[in-house]
Amino acid sequence: MAEDSIDDLSEVKHEIEISVPASEIQRIQNDIRNVHSCVEVQYLYNKLRKMGPWDANDLTIEVFLENDALHSALVAAYGRIFTKGLRRIARKKVPFELRPIHEALLVLRNKRYAHSDSHESIETSFDLDFDGKTIFLNTGLSMTVVLGAPKEWKPLFDWLNGYLFDQLESQLARLSDITGYTWEQKPGPVPSWVDDAD
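Source: prediction; values computed, not measured.

A. View of the overall build of the chain. Counting secondary structure elements, the chain contains four helices and two strands. Moving toward the C terminus, one meets the helices and strands of the chain in the order α-α-α-β-β-α. Here the chain holds 198 residues, and the buried ones make up 30% of them. Here the analysis covers contacts within the chain between residues at least 6 apart in sequence; of these, 66% occur between residues at least 24 apart.

Next up, the structure:
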């Protein structure tokens, strides 16, 4: 065999010239962003699902803060898919039976977590004490919380995962038609937390 031959064919790279409209590349980029947000949602949902069970003594402020932080991150990631960008998913794409949950998540995002509007699950209060020289402000906050992962959210997230996968596959098929080359998503390792997500 000649010295300049290549034994490992995996090292051979092919150069091709293809013409793909910028709008098609933008679609792929937006699909990838949506898939990433969906992965965030599933990861956070799985973290919430693993929380608990709790005894009354376990319910410290730290538990409530962690739970609220995970819920906040989850609804923010979910909302990005439906409220941002050129490839946001329209409400009408969400199956009818899942729309109430979808709407509830967007209300949580918009009124409790992402913006400063009021949400029915949070009430603030304060009173004043006066000792003759100083006014003391005593503040209070009461929140309705759902500890862990609401089971009714899972069918919505499962639908979303499948929808985004199909959308990306459809876009790759479209690129295959445009370019004459087969476009496929290269499989990667399955994250360890996916195995026990059901």
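B. Main features of the side chain of glutamine 167. Here glutamine 167 is to be found in helix 4 (residues 154–179). Here aspartate 31 takes part through its side chain, which lies 3.0 Å from a polar atom of the side chain of glutamine 167.

C. Representation of helix 3 (residues 99–113) within the structure. Given a rise of 1.5 Å per residue, 15 residues ought to cover 21 Å, and the 20 Å separating the end C-alpha atoms of helix 3 matches this to within 8%. Here helix 3 has its buried residues at Arg99, Ile101, His102, Leu105, Leu106, Leu108, Arg109 and Arg112.

D. Spotlight on the pattern of salt bridges. For the coordinates displayed, the defined rule picks out four salt bridges. Two residues, arginine 174 and glutamate 24, come together in a salt bridge whose shortest N-O distance is 2.7 Å. Of this pair, arginine 174 sits in helix 4 while glutamate 24 sits in helix 1 (residues 22–50); the two residues are 150 residues apart in sequence, bridging distant segments of the chain. Between arginine 80 and glutamate 40 there is a salt bridge, with its nearest N and O atoms 2.6 Å apart. Residue arginine 80 is located in helix 2 (residues 61–83), and its partner glutamate 40 is located in helix 1; the two are separated by 40 residues in the primary sequence. Looking at arginine 80, the relative accessible area reads 31%, which means it is partly exposed.

E. Up close: the nonpolar core. With 28 residues, the main nonpolar core has Leu74, Tyr78, Leu156, Phe157 and Leu160 as its most contacted residues. Looking at this core, the elements with two or more residues in it are helix 1, helix 2, helix 3 and helix 4. At seven residues, helix 2 tops the list of elements feeding residues into this core. Counting residues in hydrophobic clusters, the runner-up holds five residues, among them Val20, Ile28, Leu168 and Leu172.

F. Quick peek at the packing of helix 1 against helix 2. The contact between helix 1 and helix 2 brings their axes to 8 Å, and the two run at 155°. One way to sum up the angle between helix 1 and helix 2 is to call them roughly antiparallel. Of the two possible hands of crossing, helix 1 and helix 2 adopt the one that is left-handed. Contacts between helix 1 and helix 2 pair Asn34, Ser37, Cys38, Glu40, Val41, Leu44, Tyr45, Lys47 and Leu48 from the former with Asn67, Leu70, His71, Ala73, Leu74, Ala77, Tyr78, Arg80 and Ile81 from the latter. Looking at the contact of helix 1 with helix 2, its residues break down into eleven nonpolar, four polar and three charged.

G. Local environment of the packing of aromatic side chains. Summed over all chains, the structure comprises five aromatic pairs. One aromatic cluster in this structure is built from Tyr45, Tyr78, Phe82, Trp153 and Phe157.

H. Spotlight on the environment of histidine 102. With respect to the helices, strands and loops of the structure, histidine 102 is situated in helix 3. The exposure class of histidine 102 is buried, given its relative accessible area of 1%. Look past the residues within four positions of histidine 102 in its chain and what remains in contact with it is Tyr78, Phe82, Arg91, Val94 and Leu156. A polar side-chain atom of histidine 102 sits 2.6 Å from a polar atom in the side chain of tyrosine 78.

I. Representation of the environment of tryptophan 193 in the model. In this structure, tryptophan 193 sits in the segment after helix 4. Here tryptophan 193 falls in the buried class, since its relative accessible area comes to 18%. For the pair tryptophan 193 and tyrosine 43, spaced 150 residues apart in sequence, the C-alpha separation works out to 7.5 Å. Discounting chain neighbours no more than four positions away, the residues touching tryptophan 193 are Val39, Gln42, Tyr43 and Asn46.

The rules behind these values
Numbering of residues begins from 1 in every chain and follows the order in which that chain's sequence is written. Owing to the predicted nature of the model, reporting of local features is limited to residues with pLDDT of at least 70; listing and counting of side-chain atom pairs is limited to 80 or more, with chain, interface and lining totals taken over all residues. Excluded from the side-chain calculation are hydrogens and water; included are all heavy atoms of the structure. Secondary structure follows DSSP: runs of H or I at least 4 residues long count as helices, runs of E at least 2 residues long count as strands, and numbering of each begins at the N terminus. Three exposure classes are used, based on accessible area relative to the maximum for each residue type with a 1.4 Å probe and protein chains only: buried under 20%, partly exposed in between, and exposed over 50%. Note on contacts: a residue pair qualifies if any of its non-hydrogen atoms lie within 4.5 Å across the two residues. N or O atoms within 3.5 Å of each other form a polar contact, as long as, within protein, one can give a hydrogen and the other can take it, and as long as residues adjacent in sequence are counted only when both atoms are side-chain atoms. Expected span of a helix: the number of residues minus one, times 1.5 Å. By definition here, a salt bridge exists when the distance from a side-chain nitrogen of Lys or Arg to a carboxyl oxygen of Asp or Glu is within 4 Å. Only buried residues count toward a nonpolar core. Its members are Ala, Val, Leu, Ile, Met, Phe, Trp, Tyr and Cys residues joined through side-chain atoms within 4.5 Å. Convention adopted: a line fitted to C-alpha atoms gives each axis, helices being fitted over their contacting stretch, and angles between N-to-C directions are expressed from 0 to 180 degrees. For this classification, under 35 degrees means roughly parallel, over 145 means roughly antiparallel, 65 to 115 means roughly perpendicular, and everything else is oblique. A clockwise turn of the near helix away from the far one marks a right-handed crossing, whereas an anticlockwise turn of less than a right angle marks a left-handed crossing. Note on residue categories: nonpolar means Ala, Val, Leu, Ile, Met, Phe, Trp, Tyr, Cys or Pro, charged means Asp, Glu, Lys or Arg, and polar means any other residue, Gly included. Centres within 6.5 Å make a pair out of two Phe, Tyr or Trp rings, where for Trp the six-membered ring is used; the pair is then stacked when the planes are under 30 degrees apart, edge-to-face when over 60, and tilted otherwise.

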